[in-house]
Amino acid sequence: MTNSANNAFTLDIRDDGIGVVTIDVPGESMNTLKSTFADEVADLMERVEGDSKLKGLVFISGKPSSFVAGADIRMISECETAADAESLARQGQALFDRLESLKIPVVAAIHGPALGGGLELALACHVRVVSDSPKTVLGLPEVQLGLLPGSGGTQRLPRLVGVQQALTMMLTGKQLRPKQALKLGLADEIVPQSILLEAAVKQALKGKPKKRKPKLNLIGKVLEGPLSGVLFSKAREQAQKKAHGNYPAIDKIIDTVKHGMSKGMQAGLEYEARCFGELAMTEESYQLRNIFFATTEIKKETGADGVKPEKVKKAGVLGGGLMGGGIAHVTISKAKVPVRLKDINHDGIKNALAYHAKLLEPKLKRKIMRKAEVQRDMLMLSGSLDYSGFNDTDIVVEAVFEDLNLKQQMVSDIETHAGSHTIFATNTSSLPITKIAAKAQRPEQVIGLHYFSPVEKMPLAEIITHPGTSKETIATTVEFAKKQGKTPIVVKDGAGFYVNRILAPYMNEAARMLLAGEPIEALDKNLVKFGFPVGPITLLDEVGIDVAAKVAPILAEELGERFRAPDAFSKLLDDGRKGRKTKKGFYRYDKKTKGKQVDTSVYGLFGITPESKLSSADMAERCVLPMLNEAAWCLQDGIIRSARDGDIGAIFGIGFPPFRGGPFRYMDSLGVAHIVERLQHYAKTEGDRFKPCQLLVDMAAEKQRFYD
Ligand SMILES: C[C@H](O)CC(=O)SCCNC(=O)CCNC(=O)[C@H](O)C(C)(C)COP(=O)(O)OP(=O)(O)OC[C@H]1O[C@@H](n2cnc3c(N)ncnc32)[C@H](O)[C@@H]1OP(=O)(O)O
């Protein structure tokens, strides 16, 4: 084989006898493994096996900032049968077996992500040298795609780092940084990127190392020896506590590791390939892969066709509350942009600084950041009580409380004190952007930038345009949100925008069932079982009953009767129940209460005796259908630009069960006609609020789907 520019793998043999294989998939920004490489890889292996002078082999990436991001997910999605996917897994297994069996030492030189099949390749090598860059991460994230590691990962990882650690990595998809990988024995050496290749060559010249046993303490040895049965059943119990049986990959990962550890590597690999094939065909994996494709698409979009974003070099934040503090933090720590924060009093500024410091502290403790880096990030946040330091801001995000006059005043202040190009982004969750921009001199620079709480954790940002927002403002705000680590969706102005608009009817329906006597625990439990991270009543307590009570009439007024909230909020508020923040809501928050307990006195307020009459499935259906219907309304009204944005918004903003693909993909999977039929059924039994929107009715009549 001669090396060709079209090859993904190029072998160069150095004078010291070490062969360097550079992985560089042509035409792609990141290396992924594809079955079409089979012939060139077979040639490469023959060349290596046939060269008796070769002393060792090093695998390194030719890409500037990634090793290998795994098997090509598109290739997995193209499989039509379980047998097709199983054979992909076997192909990878066979190659990695052959690599591991080489008599010469094989070293992986890793800089950037080594994920999925990329880490499986590295696991088959005899030594792993990693760069100390923050870009370097090692992980097996297949579970997030509804899959298991299919090319030996389920067998090699536990043998290298121990069953317990391997299960944690595979069941959570967690990615390890270099130091964590070294500690576990997954990496053998950490070096600066500049000497990565040389360090790997040095390792190869040392000869083939003896196989190491996992680094285990005494308890680890017992748990992974005589008590391994307990270890596996505990892992299953813990994982299912969160997954509620909704993710088939979880059981398969545990079964496969167990099979291989008790019956040997070869049997484990057989089992692994079979399970990989089966999982690739599940609805759950199909939907999770779709999320990967959707987010990858969104990452590439500017939000405004043909317009390039302006660079944001400095940002302003108005308001030092929880939201303002969170926004300042992600702007500095993710986007690396300095922030000037204004509040009306010193406490607000102090709060924001303290919040920023609190979020940086664990990074110092866990050695993700050095002290000097933390200090630098702290210095990037400065505060003032006036608008000094705002004149050179490129964007200002407002996070003051929800008052239209106040927000209009802020627009005017920014127009006076900041630059003529400065964008005014409002983090309102309920006020129309059109009204906030109504008195602006430069309305084209006013936009909504709606974060979810807590800002540093929630992945979604809704970017809301009013009719006058310019394309430049959209593109710059979208880019800014991406730099802050958010997945942005661009939506049109309208009450509740998208996320809160679809959330409200879902919560209202849960409240209605509660008023009809369904127990609080049952409502929460059944919706969590459906796949939401928390149930609707818990969510009401978290969001604040007062907040829900304030938003409900606004939505009803603008969008109609179907948004009319049940008459429960006023009674709760009269009783001083605002939810978790006041330690009084549907649940008890006093210190003495152990675990999560319903405050049963709530039932007395409504004169009801709780009694479950609905089945788990009926309860979930009644809550979820209004959300699905409203999502379709939003598409019909042009609030969201596509079903894809609606799915990503619901999954990343609300936690709509990812394995169901989002509201639109879920409707497709059940069939739009079925959704319409169920909505019509409930419209008869429960009321007009369930009436399906015209888009759904038309689509059902035409047998259409949201996705091809
Ligand atoms: C048999 C095996 O066990 C099965 C497997 O390996 S399944 C795959 C497991 N691997 C993964 O799940 C990792 C998926 N990738 C990622 O999480 C992220 O891409 C990443 C963290 C590696 C990098 O993120 P980021 O820097 O934001 O880059 P991102 O925009 O996502 O990706 C860059 C490009 O690589 C592509 N890409 C990354 N990983 C890919 C994969 N595994 N398959 C296909 N394409 C992939 C993206 O689609 C994108 O393509 P584009 O240039 O056309 O836009």
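All of these numbers come straight from a predicted model, not from anything done at the bench.

The environment of the ligand is made up of 24 residues, and the closest members are Ala-71, Gly-117, Glu-120, Glu-142 and Lys-299. For the ligand, a nitrogen atom lies 2.9 Å from a polar atom in the backbone of Ile-73. Take Lys-299: an N or O atom from its side chain is 2.6 Å from an oxygen atom of the ligand. A total of 970 Å² of accessible area belongs to the ligand in isolation, and the protein chains cover 75% of it. Broken down by secondary-structure element, the contributors of at least two residues to the shell around the ligand are helix 2 (73-78), helix 4 (117-124) and helix 13 (283-300). Ranked by the residues each element gives to the shell around the ligand, the list is headed by helix 13, at four residues. A class-by-class count of the residues in the shell around the ligand yields 11 nonpolar, eight polar and five charged.

Ranked by size, the top nonpolar core spans 93 residues in total, and within it Tyr-498, Phe-586 and Leu-696 carry the most contacts. Among the elements that take part in this core, helix 26 (residues 616-636) stands out by supplying 10 residues, more than any other. Residue-level mapping places this core at the junction of two domains, with at least three residues from each of domain 2 (315-492) and domain 3 (499-639 + 671-701). Once residues lying within four places of it in the same chain are set aside, the contact partners of Leu-696 are Asn-629, Ala-632, Met-667, Val-672, Ile-675, Val-676, Leu-679 and Phe-706. Residues Val-21, Leu-102, Val-161 and Leu-167 belong to the second largest nonpolar core, which totals 76 residues.

Moving on, we come to the UniProt feature "domain: 3-hydroxyacyl-CoA dehydrogenase C-terminal" (unreviewed entry) in the chain. The positions that UniProt labels "domain: 3-hydroxyacyl-CoA dehydrogenase C-terminal" (unreviewed entry) are, in the present scheme, residues 496-589 and 620-703. The span residues 496-589 shows a helical share of 61% and a strand share of 0%, and its end C-alpha atoms are spaced 29 Å apart. Annotated as residues 620-703, this span is 69% helix and 0% strand, and its ends, taken at the C-alpha atoms, are 25 Å apart.

The phi torsion of most residues other than glycine is negative, and most of the peptide bonds are trans. A cis amide bond links Ser-453 to the next residue, Pro-454, at an omega of -5°. Phi at Lys-583 takes a positive value of approximately 60°, unusual for a residue other than glycine. Its location among the elements puts Lys-583 in the loop between helix 24 (569-574) and helix 25 (601-606). Positive phi, normally seen in glycine, also occurs at Lys-703, with a value near 55°. Along the chain, Lys-703 turns up in the segment after helix 30 (694-701). By relative accessible area, which is 74% here, Lys-703 ends up exposed.

Under the feature "site: Important for catalytic activity" (unreviewed entry), the UniProt entry names Glu-120 and Glu-142. These annotated residues cover 23 residues of sequence, but their C-alpha atoms sit close together, with the largest distance between any two at 11.4 Å. Counting through the fold element by element, Glu-120 comes out in helix 4. Leaving out residues up to four positions away in the same chain, Glu-120 has contacts with Phe-96, Leu-140, Glu-142, Pro-149, Gly-150, Ser-151, Gly-152 and Gly-153. Note on placement: Glu-142 falls in the loop between strand 7 (138-139) and helix 5 (153-161). Classification of Glu-142 by relative accessible area gives buried; the value is 8%. Those residues in contact with Glu-142 that sit more than four places away from it in its chain are Gly-116, Gly-117, Glu-120, Leu-147, Leu-148 and Pro-149.

Glancing now at the sheet that holds strand 8 (residues 189-191). Spatial strand order, 1-2-3-4-6-8: six strands in an open sheet with mixed pairing. Either end of the sheet is taken by a strand with one partner, and the two such strands are strand 1 (9-13) and strand 8. On average, each strand axis in the sheet is tilted by 20° relative to the strand beside it, whichever way the strands run. In this structure, strand 4 (residues 106-110) lies alongside strand 6 (residues 127-131), joined through four bridges in parallel fashion. Among the inter-strand pairings, Ala-108 is bridged to a residue of strand 6, identified as Arg-128.

Reading the values: rules and limits
Residues numbered from 1 in each chain as written. Predicted model: local features only at pLDDT ≥ 70, side-chain atom pairs only at ≥ 80, totals over all residues. Heavy atoms only, no water. Near = heavy atom within 4 Å. Polar contact = N/O pair within 3.5 Å; in protein donor to acceptor, adjacent residues only side chain to side chain. Areas by Shrake-Rupley, 256 points an atom, 1.4 Å probe, with all protein chains shown as cover. Helix = DSSP H or I, 4+ residues; strand = E, 2+ residues; numbered from the N terminus. Nonpolar A, V, L, I, M, F, W, Y, C, P; charged D, E, K, R; others polar. Core = buried A, V, L, I, M, F, W, Y, C linked by side-chain atoms within 4.5 Å. Buried < 20%, exposed > 50% of the residue type's maximum accessible area, 1.4 Å probe, protein only. Domains from an automatic or database assignment. Contact = heavy atoms within 4.5 Å. UniProt positions renumbered as here; feature names shortened; annotations may be inferred. Pairing = 2+ DSSP bridges. Axes fitted to C-alpha atoms, helices over the stretch in contact; angles between N-to-C directions.

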